[in-house]
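Survey of secondary and tertiary structure
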Amino acid sequence: MNANCQHCGTPVPETRSDEFCCTGCKAVYDLLQQQGLEHFYDLKSGLNLPPVPAQAMRPQDYAWLETAALAAEAKRASTDVAAEMGVSVQGLSCMACIWLIERVFAKLGGTQIQVDISSGELRMAWEPGKFQPVEFAQELQRFGYLLGMQRADGGQTHDNGLERRTGVCGAFAMNAMAFSLPAYFGMPADFPFAHWFDLVAAASATLSMLVGGSYFAQRAWNALRAGVLHIDTPITLGIVAAYAGSLIGWMSGEAGLKYFDFVAMFIFLMLAGRLVQQMAVTRNRRKLLRDPSIPEKEMLEALEAGVSFSVKPGQAVPVAAKLEDAHACISLEWISGESDSCTRSGGQMIPSGALNAGTRALNAVALEGWKESTLHKLLEARRGGEQRDLRLEKLLRGYLVVVVLAGVVGGVWWWAHSGEWTRALQVMISVFVVSCPCALGVAAPLADDIAASRAADQGVFVRTLGLWKKLTRLRQVVFDKTGTLTLENPLLLNAGVLDELDATARSVLRHMTSGNLHPVSRSLFDALGGMAEGAMVVDAEVSEEAGQGLRCEHAGCVWRLSKPQDANADAVFTRDGAMLCAFRFQDALRAESLAQVEALRARGLRVNILSGDREAKVAAIAKQLGLQREQWEHSLTPDEKAAWISTHEPQGTLYIGDGANDSLAFDAASCAGSPVTGRSFLEHKADFYFLGHSMRFMTSLLEIAATHRRAVHAVFGFSVTYNIVTVIVGLMGHLSPLLAAILMPLSSLVTLSLVAVVFRRGGGRREQEGTRAPASAVVSECVTAC
């Protein structure tokens, strides 16, 4: 059996006997083969894809899309122009995805479609009556893609206009270089256009200072006002010194002081480095759609005590409320971590954050306003910003003192011994110029980008820039239990009984469990897999009988999925009272959980479990993982989880959880991760999120962080050596603007190559340990570095 999934390329869990990491990937792979779309894998070219999330295999509510499509058609009704609209897409990763989406769109009769991977958006146009957007969304969902409402930012992918700044400053840098080269190649000073060449170079550098230099200057100033030394401080010092010296040299006619080309090129390279850093995390942030389990903002803001409201199936009850219906099935997993659902009768109180686990909307009366609710508290909780790196600040403080002293002392010495102020000024400015952390500013973002790419190969997606540094400083890893260490749904122990059902029974069971959030229903639906080509479509109402289960009438028969009287089974499926099969379930650890916990402990990390679930359930999981009693806690509230983290080395803690009751613990820990469930907002505030059903990524993620650290240390070591040598050359008076312009890109190329080599060696070690380092990633690193 292959070690990697045939569809997405991520590692196959040891618990699976086929060549796929999950049921979703197998369903999509089979569908592509059935529809003759195997060319998808040719276009993929060995790149890894995100595993197909479980929610892509479950029914989605596309009422919002139907409303938006009708509005788009009405808007264009008076013209001959096709209707059009934009939507967000979850699951985009490469050109193969674009090819597949375009094929599906064309097959269903669409007119025009544009897919933007970087923004996670698509825009489609169609002729009303000839194309149905909801049908298109449902067909895409079969291939693992989910459509959602277009984001409020309209598809803008980067903050602070960084992308525009970089593009504009790139043009300025090319102009400055082009109009500075003639002077380097011997253009005489009395050449008729020499003055204009200098003027264009000066204007390009000035505009680059205004557009790009201001970005670093503002950030350095804000940091200094807050009493913090930032890496942008030495960058700003070098830029300002080079620009000021260039102006003085231009006005005085001293060619040895003109660094206009250096200023423009340096700003462009620094901006490009920042853009690379932001692009990886921004792409990953935009891969996920808005959490559909949270009601719309308009409804939330209108809630106050005494107001009646309804909650759709699968959505959270936003405020504490009194149930108006005769009964309702709810899940408290967001609050307590318990995955089992329970029944509430009319007049009983439903807590804020409970999920409607039934098949129908529930109606209730609010007992409090939205801003007083528990769910509001959890949603509004914000993780702290990046922690101050006191060691880096101390290093920068010493670095700046040395650079300033060396430049000033060198300038004074040359003035005292030569009497030439221009020579002294050139020496001082050359020291400031070459001491700029150009190589580090370009290579560190590449290390971030390669590390994020390596993590994505393991099904892990990075959302914050400071993740890698945090992972190298861990002292403990703390897990939530339900849905994190264990699978989101209980494991069906006797899955073979599903194969004994006839086609009609399978279709009915799939229909009955498709829209229900009860853990048993979710587990059965996932075990049944995607709907086969040509399978029977059941269109019958599913009702829920309080405390009993699900009931459906189809083909003249009454079908039930209910609790059994037999203690040896957890659920039974019957037709007209005759049992077709009985199901047994148990909470199951994610694949490789035990091996990963042992590997974490072997690294010297403490492992703990904080759960809101009952003691017996937590104890059973802890026993399987070999944890002692002091390493796990049960029945904890969200505040108690956060308090535990706060008193147990929060700055060295990685917390991994998946429910709203983990939100406050997320805020307390220095680093946080979350699985993607499609029903939690935590993946939108985590440092990273992961797809799939395996925990194998844990040690790989820490190894990637260690490789990232080695790469940054190698770059830092080279940069220190380079700066010492070039500062000495500058103090000796041998560093001309031409030499500075040559050394800057050369040093950047060396550091980029260093990063690529370190990561390639790191990939080679993982390959020897049994984890494949994708060839595409190595090729990408080499191309980028060169």
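Residues numbered from 1 in each chain as written. Predicted model: local features only at pLDDT ≥ 70, side-chain atom pairs only at ≥ 80, totals over all residues. Heavy atoms only, no water.

With that settled, consider the overall build of the protein chain. Across its full length, the protein chain holds 25 helices and 25 strands. Overall, the C-alpha framework of the protein chain stretches about 105 × 70 × 60 Å when taken along its three principal axes. Counting every position in the protein chain, which comprises 786 residues, the buried fraction comes to 54%. A fraction of 69% describes how many contacts in the protein chain between residues 6 or more apart in sequence connect residues 24 or more apart. Taken as a whole, the protein chain presents about 33600 Å² of accessible surface, with 57% of it coming from carbon and sulfur. (Helix = DSSP H or I, 4+ residues; strand = E, 2+ residues; numbered from the N terminus. Buried < 20%, exposed > 50% of the residue type's maximum accessible area, 1.4 Å probe, protein only. Contact = heavy atoms within 4.5 Å. Areas by Shrake-Rupley, 256 points an atom, 1.4 Å probe, with all protein chains shown as cover.)

In space, the four strands of this open sheet follow the order β2-β3-β1-β4, with antiparallel pairing throughout. Whereas interior strands pair on both sides, the edge strands pair on one side only; in this sheet they are β2 (112-116) and β4 (146-149). Ignoring strand direction, the axes of neighbouring strands in this sheet form an average angle of 30°. Sheet topology places strand β1 (residues 83-90) next to β4; four bridges connect them, and they run antiparallel. Counted as the bridge partner of valine 87 is methionine 149 from β4. (Pairing = 2+ DSSP bridges. Axes fitted to C-alpha atoms, helices over the stretch in contact; angles between N-to-C directions.)

This part takes up the packing of aromatic side chains. Taken as a whole and assessed by the stated rule, the structure comprises 20 aromatic pairs. Consider the rings of phenylalanine 262 and phenylalanine 266, whose centres lie 5.7 Å apart with planes at 5°: the pair is stacked. Linking phenylalanine 262 with phenylalanine 266, this pair stays in helix α9 (residues 260-285), spanning four residues, or about one helical turn. The pair formed by phenylalanine 262 and phenylalanine 266 is uniform in burial state, with each residue classed as buried. On the basis of an interplanar angle of 50° and a centroid distance of 6.4 Å, the ring pair of phenylalanine 583 and phenylalanine 585 is categorised as tilted. Owing to a relative accessible area of 0%, phenylalanine 583 belongs among the buried residues under this scheme. Through pairs of rings, three or more aromatic residues link up here, namely Phe20, Tyr29, Phe40 and Tyr41. Taking NZ or CZ as reference, arginine 423 lies 5.0 Å from the ring centre of tryptophan 414, over its face. (Phe/Tyr/Trp six-rings, centres within 6.5 Å; stacked < 30°, edge-to-face > 60°. Lys NZ or Arg CZ within 6 Å of the ring centre and 35° of its normal.)

As a further point, take the nonpolar core. In this structure, Trp468, Leu471, Ile609, Leu654 and Phe688 are the most contacted members of the largest nonpolar core, which totals 82 residues. If you tally residues by element for this core, the top one is α9, at 13 residues. If we ignore the near neighbours within four places in the chain, the residues touching phenylalanine 688 are Val460, Phe461, Val462, Arg463, Leu467, Leu654, Ile656, Ala672, Gly673, Ser674, Phe697 and Leu701. (Core = buried A, V, L, I, M, F, W, Y, C linked by side-chain atoms within 4.5 Å.)

A separate point is the pattern of salt bridges. Evaluation of the coordinates by the stated rule reveals 23 salt bridges. Lysine 258 is the partner of aspartate 198 in a salt bridge, and the nearest nitrogen-oxygen pair spans 2.7 Å. Placement of aspartate 198 in helix α7 (residues 194-225) and of lysine 258 in the loop between α8 (232-252) and α9 is noted, with a sequence separation of 60 residues between them. When the shortest N-O distance is used, the salt bridge between aspartate 613 and lysine 481 registers 3.0 Å. In this pair, aspartate 613 is assigned in the loop between β21 (606-610) and α20 (615-625) and lysine 481 in helix α16 (residues 481-485), connecting sequence segments 132 residues apart. (Salt bridge = Lys/Arg side-chain N within 4 Å of Asp/Glu carboxyl O.)

A few words now on the sheet that holds strand β12 (residues 460-462). Within the open sheet, the seven strands sit side by side as β12-β25-β24-β23-β13-β21-β22. Their pairing is mixed. In this open sheet, the two edge strands, each paired with only one partner strand, are β12 and β22 (632-633).

A few words now on helix α19 (residues 593-602). When we look at burial in α19, the residues that qualify are Ser593, Gln596, Val597 and Leu600. The arc enclosing the buried residues of α19, seen along the axis, measures out at 100°, which places them on a common side. Lining the buried residues of α19 we find β13 (476-479), α16, β21, α20 and α23 (697-731). (Arc of directions from axis to C-beta.)

On the surface, Leu395, Phe716, Val720, Ile724, Ile728 and Met732 cluster together into a nonpolar patch covering about 510 Å² of accessible area. Mapping isoleucine 724 onto the fold places it in helix α23. (Patch = residues over 30% accessible without salt bridge, like charges linked within 9 Å, V, L, I, M, F, W, Y side chains within 5 Å.)

Let's shift gears to the state of the cysteines. Cysteine pairs can be linked by a disulfide, which is a covalent bond between their two sulfur atoms. A full pass over the atoms with the stated rule returns zero disulfides. Here cysteine 94 stays unpaired: no disulfide links it, and the sulfur of cysteine 97, its closest cysteine neighbor, is 4.2 Å away. With relative accessibility at 7%, the residue cysteine 94 sits in the buried group. (Disulfide = S-S within 2.5 Å.)

Once that is clear, we can look at the environment of valine 729. Looking at the element boundaries, valine 729 is found in helix α23. Beyond its immediate chain neighbours, meaning those up to four positions away, valine 729 contacts His734 and Leu735.

Attention now moves to the pairing of β21. The buried count for β21 comes to four of five residues, which makes it a mostly enclosed element. Here β13 pairs with β21 via four bridges, running parallel. Considered in β21, the bridge of valine 477 is made with valine 607. For β21 and β22, the ladder comprises two bridges, and the chain directions are parallel. Each bridged residue has a counterpart across the sheet, and for isoleucine 609 the counterpart in β22 is tryptophan 632. Note on the crossover from β21 through α20 to β22: the handedness is right-handed. (Right-handed = clockwise from strand over helix to strand, strands pointing away.)

Moving on, we get to the confidence of the model for the protein chain. When pLDDT is averaged along the protein chain, the result is 84; 90% of the residues meet or exceed 70. Considering only residues more than four positions removed or in separate chains, one finds that residues 767-786, a stretch of pLDDT under 50, has 29 contacts. (pLDDT = per-residue confidence, 0-100.)

For the rest of this paragraph, the subject is the pairing of strand β5 (residues 308-311). Only one face of β5 is buried: it carries Phe309 and Val311, and the other face, with Ser308 and Ser310, is open. Two strands pair when backbone bridges link them, and β5 and strand β11 (residues 362-366) are joined in this way by four bridges, in the antiparallel orientation. Looking across to β11, one finds that valine 311 is bridged to leucine 362.

Attention now moves to the packing of α7 against α8. One can describe the packing of α7 onto α8 by two numbers: an axis separation of 10 Å at closest approach and a directional angle of 155°. Between α7 and α8, the crossing angle belongs to the class labelled roughly antiparallel. Pair α7 / α8 crosses with left-handed handedness. In contact with Asp198, Leu199, Ala202, Ala205, Thr206, Met209, Phe216, Ala217, Arg219 and Ala220 of α7, α8 contributes Asp232, Thr233, Ile235, Thr236, Ile239, Tyr243 and Trp250. Counted by class, the contact of α7 with α8 contains eleven nonpolar, three polar and three charged residues. (Parallel < 35°, antiparallel > 145°, perpendicular 65-115°, else oblique. Left-handed = near helix turned anticlockwise from the far one by under 90°. Nonpolar A, V, L, I, M, F, W, Y, C, P; charged D, E, K, R; others polar.)

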